[in-house]
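Read off the chains here:
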Amino acid sequence: MTTWHVLLKVAGEQQRNGVRWVFALALGLRQGEALGLKWEDVDLTTSMIRIRRGRLRPKYVHGCEGESCGRIKAG
């Protein structure tokens with residue numbers, strides 16, 4: 001079994017969201033592109049997908065109300 005097959009097997013069976021990772025790895029999608037897919041982007045008749053959007057990581061917001069507490073990093 002090649003390294004590629006082992007990687008897909010581990011990703012698909014043992015990892016949380018494994019199917020998404022296998023799909024992204026097999027098609028060469030970036031994480032944001034895979035997360036941005038919707039069913040309307042998939043055409044099973046023609047076996048094509050369209051990458052129309054990507055999901056960006058939301059900007060960090062600390063959550064302190066009013067005055068700043070002095071923290072500038074997440075955690």
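Further up the page is the structure itself.
Since the model is a prediction, treat every value here as computed from it, not as a measurement. (Residues numbered from 1 in each chain as written. Predicted model: local features only at pLDDT ≥ 70, side-chain atom pairs only at ≥ 80, totals over all residues. Heavy atoms only, no water.)

A.B. asks: It is not clear to me how the side chain of E33 should be interpreted in this structure. Could you clarify?
C.D. replies: You can see E33 is positioned in helix α3 (residues 31-35). In this structure, E33 is in contact with I51, R53 and G54, ignoring residues within four places of it in sequence. (Helix = DSSP H or I, 4+ residues; strand = E, 2+ residues; numbered from the N terminus. Contact = heavy atoms within 4.5 Å.)

A.B. asks: Teacher, can you tell me more about a nonpolar patch on the surface here?
C.D. replies: Nonpolar side chains collect at one region of the surface, where M1, V6 and V10 lie side by side and expose about 290 Å² of accessible area between them. The exposure class of M1 is exposed, given its relative accessible area of 78%. (Patch = residues over 30% accessible without salt bridge, like charges linked within 9 Å, V, L, I, M, F, W, Y side chains within 5 Å. Areas by Shrake-Rupley, 256 points an atom, 1.4 Å probe, with all protein chains shown as cover. Salt bridge = Lys/Arg side-chain N within 4 Å of Asp/Glu carboxyl O. Buried < 20%, exposed > 50% of the residue type's maximum accessible area, 1.4 Å probe, protein only.)

A.B. asks: In this structure, what is going on with the side chain of D41? I would like to understand it.
C.D. replies: Relative to the elements of secondary structure, D41 occurs in the loop between α3 and β1 (42-43). A polar contact is formed between the side chain of D41 and the side chain of R53, at a distance of 2.6 Å. (Polar contact = N/O pair within 3.5 Å; in protein donor to acceptor, adjacent residues only side chain to side chain.)

A.B. asks: Looking at this model, I keep getting lost on the environment of I49. Mind explaining?
C.D. replies: Mapped onto the elements, I49 comes out in strand β2 (residues 48-49). A residue is classified by how much of its surface remains accessible, and I49, at 27% relative accessible area, is partly exposed. As a C-alpha pair, I49 and L27 span 22 residues in sequence and 9.9 Å in three-dimensional space. Setting aside anything within four residues of it in sequence, one finds I49 in contact with F23, L27, L29, D41 and V42.

A.B. asks: Please clarify how unusual backbone geometry should be interpreted in this entry.
C.D. replies: In most cases, non-glycine residues show a negative phi, while peptide bonds are predominantly trans. Even without being glycine, S47 reaches a positive phi, approximately 55°. The topology assignment puts S47 in the loop between β1 and β2.

A.B. asks: Looking at this structure, I do not really get the pattern of salt bridges. What am I missing?
C.D. replies: Oppositely charged side chains can pair when the atoms bearing their charge come close. Summed over all chains, the structure comprises four salt bridges. Among the charged side chains, a salt-bridge network with shared partners connects E40, D41, R52 and R53.

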